Amino acid sequence: MKANVLECKSVSVIYNELVALDKVSLSIKAGDFLGIVGPNGAGKSTLIKVMSGLLEPDTGNVNLSDINLRSLSRQVIARELAVVVQEENSEFGFNVEQYVALGRSPHHGGLYFEGSRDREIVLNALRRTHTERLASRDVNSLSGGERQHVRIARALAQEPNILILDEPTNHLDIFSQMNLGELLRNINMEGIAIVMVSHDINFMCQACNQLKLMSEGKIIAEGIPGEVITENSLAEAFKVKALVDINPVTKATRITPYAKI
Ligand code: ADP
Ligand code: MG
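Residues numbered from 1 in each chain as written. Chains lettered and ligands numbered in written order. Predicted model: local features only at pLDDT ≥ 70, side-chain atom pairs only at ≥ 80, totals over all residues. Heavy atoms only, no water.

J.: Just checking my understanding: could you explain the sheet that holds strand β10 (residues 218-223) for this structure?
T.: Spatially, β6-β7-β8-β3-β9-β10 is the arrangement adopted by the 6 strands of the open sheet, whose pairing is mixed. With one partner strand each, in any of the chains shown, β6 (81-84) and β10 form the two edges of the open sheet. Across the sheet, the mean angle from the axis of one strand to that of its neighbour is 15 degrees, orientation sign disregarded. With 4 bridges joining them, strand β3 (residues 33-37) and strand β9 (residues 210-215) adopt parallel strand pairing. (Pairing = 2+ DSSP bridges. Helix = DSSP H or I, 4+ residues; strand = E, 2+ residues; numbered from the N terminus. Axes fitted to C-alpha atoms, helices over the stretch in contact; angles between N-to-C directions.)

See below:
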């Protein structure tokens, strides 16, 4: 049996009166490609923040290789775990190469001097994400799809064991979505565990090996996509009637919503 890499144990988050996460437990192991799906407001982003140490849960624990995240510094966490969140405001004034090089900072204490190994890792991250040609561009001048790839390049420069992404397909056209799906599969095959959150069920069914369906702060179904995504579970979580079948080309589970409930 593979050891748990990242584990949530009965984690709850309460904002004022609202229970955003209600005793959620899950574990991510080496090599996993886990998708978390669910409607707006289900608690997906809150779960991502808790799993990555950006938000402390009100109850329960998150453990990284059996050590509570609370007892680990941000720097130590960042060597294991890279997060690509939805919106970031820290991209101003950097060109792409400088921005990706920020991913190396968790590996340096205090002052940051870039060594030849760091540079090699940064160039490799640019190469793997097909963003080398953007190296000298201002990050703010990039298209949504380019920027998403550059954010992932920065995350790879961290050399994490786990990559966590919140709604990575937002604002991406279908070509860029396919590019991103391919990139994530390659990263996963190189041994990095991936946890991805999205409300785009068809994308998630194609990309992920395992899914968890969230509704109102709880995981209401989990397993392989074909087990989790059913007419009943979609009705319960999304309040829609949807046809669920198999995409004849990709063989992935596919949904076609056709009515509100
Ligand atoms: P999702 O990512 O699935 O759309 P979120 O985790 O962002 O859901 O939000 C879950 C619930 O918690 C929502 O009802 C949202 O309005 C609420 N919420 C999220 N962040 C905050 C916050 N900082 N303060 C108060 N309520 C919040
Ligand atoms: Mg969200």
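J.: Please explain unusual backbone geometry as it appears in this structure.
T.: Trans is the prevailing form of peptide bonds, just as negative phi is the prevailing case for residues other than glycine. The residue Ser-10 is not glycine, and still its phi comes out positive at about 45 degrees. Along the chain, Ser-10 turns up in strand β1 (residues 4-15). Residue Ser-10 is classed as partly exposed on the basis of its relative accessible area of 33%. Backbone geometry at Lys-239 places phi at a positive 60 degrees, although glycine is not the residue there. You can see Lys-239 is positioned in the loop between α9 (231-238) and β11 (240-246). What makes Lys-239 partly exposed here is its relative accessible area of 45%. (Buried < 20%, exposed > 50% of the residue type's maximum accessible area, 1.4 Å probe, protein only.)

J.: When you look at the pattern of salt bridges in this model, what are you seeing that I'm missing?
T.: Side chains that differ in sign of charge can pair as their charged atoms come close. Evaluated as defined, the whole model comprises 12 salt bridges. The partner of Asp-118 in a salt bridge is Arg-104, and the shortest N-O contact between them spans 2.8 Å. Here Asp-118, found in helix α4 (residues 116-128), pairs with Arg-104, found in the loop between α3 (96-101) and α4; they are 14 residues apart in sequence, far enough to count as distant. Residues Glu-146 and Arg-137 are paired through a salt bridge, measuring 4.0 Å at the closest nitrogen-oxygen approach. Here Glu-146 falls in the buried class, since its relative accessible area comes to 19%. Relative accessible area serves as the criterion here: at 33%, Arg-137 is assigned to the partly exposed category. (Salt bridge = Lys/Arg side-chain N within 4 Å of Asp/Glu carboxyl O.)

J.: Please explain the side chain of Gln-158 as it appears in this structure.
T.: Tracing the chain through its elements places Gln-158 in the loop between α5 (144-157) and β7 (162-166). Overall, Gln-158 belongs to the buried group, its relative accessible area being 10%. Setting aside residues up to four positions removed in sequence, Gln-158 forms contacts with Ala-78, Arg-79, Leu-81, Ala-82, Gly-103, Arg-104, Pro-106 and His-107. (Contact = heavy atoms within 4.5 Å.)

J.: Looking at this model, I keep getting lost on the pairing of β10. Mind explaining?
T.: Residues in a regular strand project their side chains so that they alternate between the two faces of the sheet. The pairing of β9 with β10 spans 5 bridges and is antiparallel. Among the inter-strand pairings, Leu-211 is bridged to a residue of β10, identified as Gly-223. Hairpin geometry of β9 and β10 is characterised by an intervening segment of 2 residues between the two adjacent antiparallel strands and by a positive phi of about 45 degrees at Glu-216.

J.: What am I meant to see in α5 here?
T.: It helps to recall that an α-helix has 3.6 residues per turn; residues three or four apart then point in one direction. If you check α5, its first and last C-alpha atoms are 20 Å apart, about what 14 residues at 1.5 Å a residue would give, namely 20 Å. Taking burial as the measure, the 14 residues of α5 include 13 buried ones, the bulk of the element. Where α5 ends, the next residue or the one after it, Glu-159, has phi of about 50 degrees, a positive value. (Expected span 1.5 Å × (residues − 1).)

J.: Would you mind going over the site of ligand 1 with me for this structure?
T.: The full set of residues close to ligand 1 is Tyr-15, Leu-18, Ala-20, Pro-39, Asn-40, Gly-41, Ala-42, Gly-43, Lys-44, Ser-45 and Thr-46. A distance of 2.7 Å separates an oxygen atom of ligand 1 from a polar backbone atom of Gly-41. Gly-43 has a polar backbone atom sitting 3.0 Å from an oxygen atom of ligand 1. Within the complex, the protein chains bury 59% of what would otherwise be the 560 Å² of accessible surface of ligand 1. Going through the elements one at a time, β2 (18-29) and α1 (44-51) are the ones with two or more residues in the shell around ligand 1. No other element matches the 3 residues that α1 contributes to the shell around ligand 1. (Near = heavy atom within 4 Å. Polar contact = N/O pair within 3.5 Å; in protein donor to acceptor, adjacent residues only side chain to side chain. Areas by Shrake-Rupley, 256 points an atom, 1.4 Å probe, with all protein chains shown as cover.)

J.: What am I meant to see in α1 here?
T.: Within α1, 6 of the 8 residues are buried, which leaves the element mostly enclosed by the surrounding structure. Restricting attention to buried positions, one finds in α1 the residues Lys-44, Thr-46, Leu-47, Ile-48, Val-50 and Met-51. Gly-53 sits one or two residues past α1 and shows a positive phi near 80 degrees.

J.: Whenever I open this one, the environment of Ala-157 confuses me. Can you help?
T.: With respect to the helices, strands and loops of the structure, Ala-157 is situated in helix α5. When the C-alpha atoms of Ala-157 and Asn-124 are compared, they prove to be 8.1 Å apart, with 33 residues separating the residues in sequence. Leaving out residues up to four positions away in the same chain, Ala-157 has contacts with Val-100, Gly-103, Arg-104, Ile-121 and Ala-125.

In short, shape yes, function no, at least from these values alone.
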